[in-house]
Amino acid sequence: MIDTKWAFQRYESLRAALPSAAFCQTFRTGRDLSDTAPDFDAYILDAFGVLNRGETAIKGAVEQMAALRALGKRLIVLTNAASYTRAEILAKYHRLGFDFDACEVVSSRDVAFANLPELPPSQVWAAAAAQGDDFSDAPAAARIVHLADNPDLLRSAGGILLLSSARWREADTAAVVQALLDRPRPLVVANPDLVAPREEGLSLEPGLIAHDIIAKTGLQAAFYGKPYGNAFEVALNRLAGIPRHRIAMVGDTLHTDVLGGAAAGIGTILVTDHGLFRGHDVAPFICSSGIRPDWVVATT
């Protein structure tokens, strides 16, 4: 059963592989982000569980972003949704009613592509990607090919790139594990999430696949996105001049958003009603993990 308790326990089992951070001793509670406004000058926002759930905007989120802008707050979206190009992400947000511009969006896909290791000219990246992804935003020197369209790539590809789990099957994990055991190669993960909240429930994400592969091969992977510092540094560079203690990471998970934000030295806000902890009392999860946000609010 893929549910909140299962996902939480899976994140906890991987704790040693995640960044370390120090946390506050207690947290404050509020109804929404407006209660936190005196504490922060800028917000780094997760998307799933904060702005949207799947393809649906969270009620009141569009209006809340407008209200924060009216107070002079700076906004950055930091998302692990690596299935989309930045243009596609912007189009989605605009369709949902948000007014973010390109400079206000950082995706784990952007960060992974910026750090993609160079392969020999004759070799390609075999990518787990959403159908229709044309990789037009990838570096010019990177040759990326859909693994789902050509499974034989596992024999010749120079590396494995995990962008999306949309077309992934259990047999694909076994095939990649065997290919990497036969010939170790780079494994790059552009979405470290284990699960993501959607309209119908929690979906399995590339981070879960990656950790399964790591456990079965003993190999390492390069992760890009929350909770890792590579993604936070890109977002924080967009907020130059604002002290870190006046910036808050807003998210729906403890092990990606809150842990990552705390490790980056910024404030943290957990939104409970729309993401991983929807329908649950979050206090036992905070107590069990020791991952304490500065604020817990019900909704965006």
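Just above sits the structure.
Residues numbered from 1 in each chain as written. Predicted model: local features only at pLDDT ≥ 70, side-chain atom pairs only at ≥ 80, totals over all residues. Heavy atoms only, no water.

Some points on unusual backbone geometry
In the segment running from Lys226 into Pro227, the intervening peptide bond is cis, with an omega of 10 degrees. With respect to the helices and strands, Pro227 occurs in the loop between β13 (222-223) and α8 (229-237). Phi at Phe135 takes a positive value of approximately 55 degrees, unusual for a residue other than glycine. Along the chain, Phe135 falls in the loop between β7 (125-128) and β8 (144-146). The exposure class of Phe135 is buried, given its relative accessible area of 11%. (Helix = DSSP H or I, 4+ residues; strand = E, 2+ residues; numbered from the N terminus. Buried < 20%, exposed > 50% of the residue type's maximum accessible area, 1.4 Å probe, protein only.)

Structural notes on the sheet that holds β8
Spatially, β8-β7-β9-β10-β13 is the arrangement adopted by the five strands of the open sheet, whose pairing is parallel. What marks the edges here is a single partner per strand, and that holds for β8 and β13. Across two bridges, strand β10 (residues 187-189) lies against β13 in parallel orientation. Note on β13: the bridge partner recorded for Val189 is Phe223. (Pairing = 2+ DSSP bridges.)

Some words on the side chain of Thr217
Within the element layout of this structure, Thr217 appears in helix α7 (residues 206-217). Polar side-chain contacts of Thr217 include one of 2.8 Å to the backbone oxygen of Ile213. Not counting the four nearest positions on each side in its chain, Thr217 is found in contact with Val177, Leu180 and Leu181. (Polar contact = N/O pair within 3.5 Å; in protein donor to acceptor, adjacent residues only side chain to side chain. Contact = heavy atoms within 4.5 Å.)

Remarks on the environment of Ile214
Within the secondary structure, Ile214 sits in helix α7. For the pair Ile214 and Leu187, spaced 27 residues apart in the sequence, the C-alpha separation amounts to 9.3 Å. Discounting chain neighbours no more than four positions away, the residues touching Ile214 are Leu219, Ala221 and Phe223.

Looking at the packing of aromatic side chains
By the definition in use, this model includes seven aromatic pairs. On the numbers, 5.5 Å between centres and 20 degrees between planes, the contact of Phe223 with Tyr228 is stacked. Where Phe277 meets Phe285, the ring centres are 5.0 Å apart and the plane angle is 50 degrees; that geometry is what we call tilted. Since its relative accessible area comes to 1%, Phe277 is described here as buried. Taking relative accessible area as the criterion, Phe285 reaches 10% and is therefore assigned buried. Through pairs of rings, three or more aromatic residues link up here, namely Phe8, Phe277 and Phe285. (Phe/Tyr/Trp six-rings, centres within 6.5 Å; stacked < 30°, edge-to-face > 60°.)

Quick notes on the nonpolar core
One finds Leu162 and Leu254 to be the most contacted residues of the largest nonpolar core, which totals 44 residues. No other element matches α7, which puts five residues into this core. In this structure Leu162 touches Ala128, Trp168, Leu187, Val188, Val189, Ala190, Asn191, Pro206, Ile209 and Ala210, once residues within four positions along its chain are discounted. Phe113, Ala231, Leu239 and Met249 belong to the second largest nonpolar core, which has 32 residues in total. (Core = buried A, V, L, I, M, F, W, Y, C linked by side-chain atoms within 4.5 Å.)

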